[in-house]
Amino acid sequence: MHKHVALLAVIASLGRKDKGFLYLETHAGRGAYDLSESPGSRASRTGLSRILSEPGESPEIQAYSHAVKHWRELVKDRNAYPGSPVLVAGALRDQDRAILIEMQPPEAHALERAVAHHANVRVELGDGYERLRAHLPPAERRGLILIDPPYEENQRDFERARTAIDDALQRFATAVIMLWYPIKDVRDTQPWRRRLIAGIGQPALVSELWVHPCDSRIALNGSGLVIIHPPYQLAQNMRGWLPRLSGMLDSQGTGGSLVEDGPG
């Protein structure tokens, strides 16, 4: 939910200019999910129900709430949950386009079905890191890249993501890049992201939200985003809505949130 609210906020920022843009997702998954079947679904449904019933005054959280409700109405399933490809597809304008890359054939086929009614969205089967090179720079010269690997092998995935960001910036220097990462132990993720941002040397925004103490390696405690070339006022706005979102998701009061931005 943290990732999805932020993603829609970035898409809205890009949409303030008339010129179209490319959205490219390297690990798109199946596009939509059934919360009644997913691990941790009870906690997910509880937090989400708060957001859907009382999104508050934040335009970013309201936009997310509306998008989830719209998808559920479309598929006629109250347990349905739209992933990032579906959320973005619904927010694109006629002049924008999306390329969604997924490596697993069953997931890619499900993704094709989820976005089939969007003419400006294309699904590709393959390695997202490899396919990324083929689409940069885009003809539009504006774009957002989401890198959200499965992190089955944390160190290897962290390094591949870093290499992909370097490669993307060499081909498309002005790209907005969002990298999602899991927070299991902040003592591991904090040094890594600091090295990442220092090595890239570009304007970057860090956004983190955790609902369990973030110094425990027992489970997934939260999530983080590194956003390279964040849109204007994204950090300022995020400092308003992220604590509100954290409060909606953290019923036990054991979590928190963080927004840091700088020149890189």
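As a reminder, the structure under discussion sits directly above these lines.
Reading the values: rules and limits
Residues numbered from 1 in each chain as written. Predicted model: local features only at pLDDT ≥ 70, side-chain atom pairs only at ≥ 80, totals over all residues. Heavy atoms only, no water. Helix = DSSP H or I, 4+ residues; strand = E, 2+ residues; numbered from the N terminus. Rg over C-alpha atoms; globule rule 2.2 N^0.38 Å. Contact = heavy atoms within 4.5 Å. Lys, Arg positive; Asp, Glu negative; His and termini not counted. Charge placed at Lys NZ, Arg CZ, Asp CG, Glu CD. Buried < 20%, exposed > 50% of the residue type's maximum accessible area, 1.4 Å probe, protein only. Axes fitted to C-alpha atoms, helices over the stretch in contact; angles between N-to-C directions. Parallel < 35°, antiparallel > 145°, perpendicular 65-115°, else oblique. Left-handed = near helix turned anticlockwise from the far one by under 90°. Nonpolar A, V, L, I, M, F, W, Y, C, P; charged D, E, K, R; others polar. Pairing = 2+ DSSP bridges. Salt bridge = Lys/Arg side-chain N within 4 Å of Asp/Glu carboxyl O. Arc of directions from axis to C-beta.

## Overview of the overall build of the chain
From N to C terminus, the chain includes nine helices and 10 strands. For 264 residues, the compact-globule estimate of 2.2 N^0.38 gives 18 Å, and the chain sits close to it at 17 Å. By sequence separation, contacts in the chain at least 24 residues apart represent 75% of the contacts at least 6 residues apart. In the chain, which carries 32 positive and 32 negative side-chain charges, the distance between the mean positions of the two groups comes to 2 Å.

## Some words on the side chain of Arg 93
Along the chain, Arg 93 turns up in the loop between α4 (84–91) and β4 (97–102). Among residues more than four places away in sequence, those in contact with Arg 93 are Leu 14, Gly 15, Lys 17, Asp 18, Lys 19, Gly 20, Phe 21, Asn 120 and Arg 142.

## A look at the environment of Ala 116
Among the structural elements, Ala 116 can be located in the loop between α5 (105–114) and β5 (121–125). By relative accessible area, Ala 116 is classed as exposed at 61%. Considering only alpha carbons, one finds Ala 116 and Ala 89, 27 residues apart in sequence, at a separation of 10.0 Å.

## Details of the packing of helix α1 (residues 2–14) against α4
The geometry of α1 relative to α4 is characterised by a closest axis approach of 10 Å and an angle of 25° between their N-to-C directions. Classified by the angle their axes make, α1 and α4 are roughly parallel. For the element pair α1 and α4, the recorded crossing hand is right-handed. Where α1 abuts α4, its residues Lys 3, His 4, Leu 7, Leu 8 and Ile 11 lie against Ser 84, Leu 87, Val 88 and Ala 91. Per-class residue counts for the contact of α1 with α4 are six nonpolar, two polar and one charged.

## With respect to unusual backbone geometry
Here the amide bond leading from Leu 136 into Pro 137 is cis, since omega sits at -5°, within 30 degrees of zero. By secondary structure assignment, the location of Pro 137 is in the loop between α6 (128–134) and β6 (143–147). One non-glycine residue with positive phi stands out, namely Arg 141, at about 60°. Even without glycine at this site, Gln 233 takes up a positive phi of about 70°. Secondary-structure assignment places Gln 233 in the loop between β9 (222–228) and α9 (234–249). By relative accessible area, Gln 233 is classed as partly exposed at 35%.

## Here we look at the sheet that holds β6
Within a beta sheet, neighbouring strands are joined by backbone hydrogen bonds and run either parallel or antiparallel to one another. Pairing is mixed across the open sheet formed by eight strands, whose spatial order is β5-β4-β1-β6-β7-β9-β8-β10. For this open sheet the edge positions go to β5 and β10 (256–262), each flanked by a neighbour on one side alone. Across the sheet, the mean angle separating the axes of adjacent strands is 15° when strand polarity is ignored. Where strand β7 (residues 176–183) meets β9, seven bridges bridge the pair, whose relative direction is antiparallel. In the sheet register, Leu 179 faces β9, and the bridge partner there is Val 226. Across the sheet, α1 lies against β1 (22–25), β6, β7, β8 (204–210) and β9, angled at about 175° from β7, the strand it touches most. Here α4 sits on the sheet and contacts β1, β4, β5 and β6; the angle it forms with β1, its principal contact strand, is near 175°.

## Details of the pattern of salt bridges
For the structure shown, the criterion picks out 15 salt bridges. Across the pair Arg 122 and Glu 124 runs a salt bridge, and its minimum N-O distance is 2.8 Å. In this structure, a network of salt bridges that share partners links the residues Glu 130, Arg 133, Asp 167 and Arg 171.

## A few points about α5
For α5, the full list of buried residues reads Ala 108, Ala 110, Leu 111 and Ala 114. Relative to the axis of α5, the buried residues are bounded by an arc of 160° and lie together on one face. Seen from the open side of α5, the exposed residues pointing more than 90 degrees away from its buried face are Pro 106 and Arg 113. The inward-facing, buried residues of α5 abut α3 (59–75), α4, β4 and β5.

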